[in-house]
Amino acid sequence: SQTIHQWPATLVQPVGSPLSLECTVEGTSNPNLYWYRQAAGRGLQLLFYSVGIGQISSEVPQNLSASRPQDRQFILSSKKLLLSDSGFYLCAWSVRGSRQETQYFGPGTRLLVL
Amino acid sequence: AQSVTQLDSHVSVSEGTPVLLRCNYSSSYSPSLFWYVQHPNKGLQLLLKYTSAATLVKGINGFEAEFKKSETSFHLTKPSAHMSDAAEYFCVVSEKAAGNKLTFGGGTRVLVKP
């Protein structure tokens, strides 16, 4: 069966520090991968998605970037964190090419920028 | 363009009584519709999905939803609430014309009283 991992589970970082969040998927090949952010009391916002190694699409301009160095690894990064980057970050995967491409979510990383 | 409206931001029910979470959608084409549940500080778990097969969809944990095209609705119900159902629920729409990207409703927070 497929599983999706995210780490760290929680992170407290000072403003201006770098960020690296990691997401890995097991039990599937060639997945579509997604990064979402959920701000407190708000819905989910799609940040990035990837259909393959090295292929990243950005949905909103921001202080973050994403990379996919391996088929089942998706990394969210920042060179300098802002206060507004605080939130709950969720990674998701879906089977590429399936008719309705259900997305399955990881456990999330809670980021607090102080 | 697709959109989702969850009509209640908060719902409070007593344990053992029915739960109704309302969702209306807007979509240009035949959509896929999903309900996800999120417990505090956890990722999103798929409850059920509609993909143009049977209009009454049964999901996990006793939940079900009915797709009504004439009313553009996809309400989620459960006959008898359990304390473990206390969580936030998201109605989500996806359509192929939008690249299978998910559009989330604002969420409904469910409180279950003993």
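Look above for the structure.
Everything numeric in this text was worked out from a predicted model, so none of it was measured.

1. Regarding the overall build of chain A
Phase 1: Summing up its helical and strand segments, chain A has zero helices and 11 strands in all.
Phase 2: Relative to a compact globule of 114 residues, whose C-alpha radius of gyration would be 13 Å, chain A shows 14 Å and is just as compact.
Phase 3: The dimensions of chain A, computed from C-alpha atoms along their principal axes, are 40 × 25 × 25 Å.
Phase 4: Among the 114 residues that make up chain A, the fraction classed as buried is 47%.
Phase 5: Sequence separation of at least 24 residues holds for 56% of the intrachain contacts in chain A that already meet a minimum separation of 6.
Phase 6: Carbon and sulfur atoms make up 54% of the accessible area of chain A, which amounts to about 5,400 Å² in all.

2. Considering the interface of chain A and chain B
Phase 1: Taken together, the contacts link 19 residues of chain A with 19 residues of chain B.
Phase 2: At the boundary of chain A with chain B, total buried surface from both sides reaches about 1,600 Å², with 51% on carbon and sulfur atoms.
Phase 3: At the surface where chain A touches chain B, the tally comes to one salt bridge.
Phase 4: Note that B:Lys101 and A:Glu59 form a salt bridge whose closest N and O atoms lie 3.1 Å from each other.

3. Considering the nonpolar core
Nonpolar side chains tend to gather and get buried jointly when the protein is soluble and globular.
Phase 1: The biggest cluster of nonpolar side chains holds 26 residues, and the ones touching the most others in it are B:Leu21, B:Trp35, B:Leu47, B:Leu48, B:Phe74, B:Leu76 and B:Tyr89.
Phase 2: For this core, the element with the highest residue contribution is strand 10 (residues 87-94) of chain B, accounting for four residues.
Phase 3: Excluding anything up to four places from it in sequence, B:Leu76 contacts B:Val19, B:Leu20, B:Leu21, B:Trp35, B:Leu47, B:Leu48, B:Phe63, B:Glu64, B:Ala65 and B:Tyr89.
Phase 4: The next biggest cluster of nonpolar side chains, apart from the first, holds 19 residues, and it includes A:Cys23, A:Phe48, A:Tyr89 and A:Val113.

4. Re the packing of aromatic side chains
Phase 1: If you walk through the whole model with that rule in mind, you get 14 aromatic pairs over all chains.
Phase 2: Of the aromatic side chains, those joined through ring pairs into one cluster are A:Tyr34, A:Tyr36, A:Tyr49, A:Phe105, B:Phe34, B:Tyr36, B:Phe90 and B:Phe104.

5. Overview of a nonpolar patch on the surface
Phase 1: A contiguous nonpolar patch, built from A:Val12, A:Leu112 and A:Leu114 and spanning about 290 Å² of accessible area, is present on the exposed surface.
Phase 2: Its place among the elements puts A:Leu114 in the segment after strand 11 (109-113).

6. Brief notes about unusual backbone geometry
Residue and element names in this part refer to chain A.
Phase 1: Here Trp7 and Pro8 are connected by a cis peptide whose omega angle stands at 0°.
Phase 2: Structurally, the position occupied by Pro8 is in the loop between strand 1 (3-7) and strand 2 (10-13).
Phase 3: In this structure, Asn30 takes a positive phi of about 55° despite not being glycine.
Phase 4: The topology assignment puts Asn30 in the loop between strand 3 (19-26) and strand 4 (31-38).

7. A look at the pattern of salt bridges
Phase 1: The full count for this structure, using the stated rule, is seven salt bridges over all chains.
Phase 2: A:Asp85 is paired through a salt bridge with A:Arg37; the nearest N and O atoms lie 3.7 Å apart. Separated by 48 residues along the polypeptide, A:Asp85 in the loop between strand 8 (73-78) and strand 9 (87-95) and A:Arg37 in strand 4 bring together distant segments of the chain.
Phase 3: A:Asp85 sits in the buried class, given a relative accessible area of 4%.
Phase 4: Judged by relative accessible area, A:Arg37 falls into the buried class, the value being 14%.
Phase 5: Residue B:Glu64 pairs with B:Lys58 through a salt bridge whose shortest N-O separation is 2.7 Å.
Phase 6: The class of B:Lys58 is exposed, set by a relative accessible area of 63%.

8. Notes on the environment of A:Val15
Residue and element names in this part refer to chain A.
Phase 1: Structurally, the position occupied by Val15 is in the loop between strand 2 and strand 3.
Phase 2: Classification of Val15 as partly exposed rests on a relative accessible area of 45%.
Phase 3: Each C-alpha atom of the pair Val15 and Val113 lies 5.9 Å from the other, and the pair is 98 residues apart in sequence.
Phase 4: What Val15 contacts, discounting residues up to four positions off in sequence, is Leu81, Leu83, Val113 and Leu114.

9. A word on the side chain of B:Glu88
Residue and element names in this part refer to chain B.
Phase 1: Mapped onto the fold, Glu88 is located in strand 10.
Phase 2: On the basis of relative accessibility, which here comes to 14%, the residue Glu88 falls in the buried class.
Phase 3: Sequence-distant contacts of Glu88, defined by excluding residues within four places in its chain, comprise Tyr36, Val37, Gln38, Gly106, Gly107, Thr108 and Arg109.

Analysis parameters
- Residues numbered from 1 in each chain as written.
- Chains lettered and ligands numbered in written order.
- Predicted model: local features only at pLDDT ≥ 70, side-chain atom pairs only at ≥ 80, totals over all residues.
- Heavy atoms only, no water.
- Helix = DSSP H or I, 4+ residues; strand = E, 2+ residues; numbered from the N terminus.
- Rg over C-alpha atoms; globule rule 2.2 N^0.38 Å.
- Buried < 20%, exposed > 50% of the residue type's maximum accessible area, 1.4 Å probe, protein only.
- Contact = heavy atoms within 4.5 Å.
- Areas by Shrake-Rupley, 256 points an atom, 1.4 Å probe, with all protein chains shown as cover.
- Buried area = accessible area lost by both parts, 1.4 Å probe.
- Salt bridge = Lys/Arg side-chain N within 4 Å of Asp/Glu carboxyl O.
- Core = buried A, V, L, I, M, F, W, Y, C linked by side-chain atoms within 4.5 Å.
- Phe/Tyr/Trp six-rings, centres within 6.5 Å; stacked < 30°, edge-to-face > 60°.
- Patch = residues over 30% accessible without salt bridge, like charges linked within 9 Å, V, L, I, M, F, W, Y side chains within 5 Å.

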